[in-house]
Amino acid sequence: NAGVTQTPKFQVLKTGQSMTLQCAQDMNHEYMSWYRQDPGMGLRLIHYSVGAGITDQGEVPNGYNVSRSTTEDFPLRLLSAAPSQTSVYFCASSHKLGGSYNEQFFGPGTRLTVL
Amino acid sequence: GDSVTQMEGPVTLSEEACLTINCTYTATGYPSLFWYVQYPGEGLQLLLKATKADDKGSNKGFEATYRKETTSFHLEKGSVQVSDSAVYFCALNNFNKFYFGSGTKLNVKP
């Protein structure tokens, strides 16, 4: 199993450009999520999904869109990049155990810089 | 809303010293609690977890006990090694959302 994969590893954008961060998992997990990691602030939840066709907002959803057309894929779209979106982005997946979501498996991250 | 607060770092210890990283949480209901570890340039990995009050999670010599009365989940290790140097995150899961603390960097010197 490849686990959770993310592409690209690094990306530089100019203000106003759009792009999609890719995330895929091969563990048949129903739960997938996107986080951003900023110095001194830990990880903050952007969007999450509990299954194909279902998405919901996290703590910091503004400026980001997601969709979940398949169990495996959960892309994150930046429609008009801003310097405040410079961060490291992590995708994670999880499955239910005993009625609640359990351990999250994280991808290696995407380091995004917006100039 | 739900949140996690953990002690600020960095924490610098000598090899074989005792470690405690404090973590407290605010949450409605009955969250599950986790400690994750992040090594440089990598994603987070689960270190240990506890799903109900008084549960003790343990792994690789690390331990944490879910204390509902004090809303705490402190991470402890009796004897740290240089290889334990990393950033440690306390986290909770409640109603399908995960919340993370800001992370505590641990430096262990030989």
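Source: prediction; values computed, not measured.

Definitions and limits used
- Residues numbered from 1 in each chain as written.
- Chains lettered and ligands numbered in written order.
- Predicted model: local features only at pLDDT ≥ 70, side-chain atom pairs only at ≥ 80, totals over all residues.
- Heavy atoms only, no water.
- Pairing = 2+ DSSP bridges.
- Helix = DSSP H or I, 4+ residues; strand = E, 2+ residues; numbered from the N terminus.
- Axes fitted to C-alpha atoms, helices over the stretch in contact; angles between N-to-C directions.
- Contact = heavy atoms within 4.5 Å.
- Buried area = accessible area lost by both parts, 1.4 Å probe.
- Salt bridge = Lys/Arg side-chain N within 4 Å of Asp/Glu carboxyl O.
- Phe/Tyr/Trp six-rings, centres within 6.5 Å; stacked < 30°, edge-to-face > 60°.
- Buried < 20%, exposed > 50% of the residue type's maximum accessible area, 1.4 Å probe, protein only.
- Lys NZ or Arg CZ within 6 Å of the ring centre and 35° of its normal.

**Overview of the sheet that holds strand β8 (residues 76–78) of chain A**
Residue and element names in this part refer to chain A.
Point 1. If you walk across this open sheet you meet the four strands as β1-β3-β8-β7, and the pairing is antiparallel. Each end of this open sheet is capped by a strand with a single partner; those strands are β1 (4–7) and β7 (64–66). Put simply, the sheet's adjacent strands are angled 20 degrees from each other on average, direction ignored.
Point 2. Sheet topology places strand β3 (residues 19–25) next to β8; three bridges connect them, and they run antiparallel. What sits directly across from Met19, in β8, is Leu78.

**Let's talk about the interface of chain A and chain B**
Point 1. With 22 residues of chain A in contact, the opposing surface of chain B contributes 19 residues.
Point 2. Where chain A abuts chain B, roughly 1600 Å² becomes buried across the two surfaces, and 55% of that area is made up of carbon and sulfur atoms.
Point 3. Of all residues in chain A, the largest losses of buried area upon contact with chain B belong to Leu43(A), Tyr101(A) and Phe106(A), amounting jointly to 26% of the total for that side.
Point 4. The tally of links from chain A across to chain B stands at zero salt bridges.

**A short note on the packing of aromatic side chains**
Point 1. The full count for this structure, using the stated rule, is 13 aromatic pairs over all chains.
Point 2. For the pair Tyr35(A) and Phe100(B), a centre-to-centre distance of 5.3 Å together with 85 degrees between the ring planes defines the contact as edge-to-face. One end of the pair, Tyr35(A), is in strand β4 (residues 31–38); the other, Phe100(B), is in strand β11 (residues 97–100), on a second chain. Here Tyr35(A) and Phe100(B) have matching classes, each one buried.
Point 3. Aromatic pair Phe62(B) and Tyr88(B): ring centres 5.6 Å apart, planes at 40 degrees, arrangement tilted. In this pair, Phe62(B) sits in strand β8 (residues 62–65) while Tyr88(B) sits in strand β10 (residues 86–94), placing the two residues 26 residues apart along the sequence. Neither Phe62(B) nor Tyr88(B) differs from the other in exposure class; each is buried.
Point 4. In textbook terms, an aromatic cluster arises when at least three aromatic residues are bridged by ring pairs, as seen for Tyr31(A), Tyr35(A), Tyr48(A), Phe90(A), Phe106(A), Phe34(B), Tyr36(B), Phe98(B) and Phe100(B).
Point 5. Note that Arg68(A) overlies the ring of Phe74(A), its terminal NZ or CZ placed 5.9 Å from the centroid.

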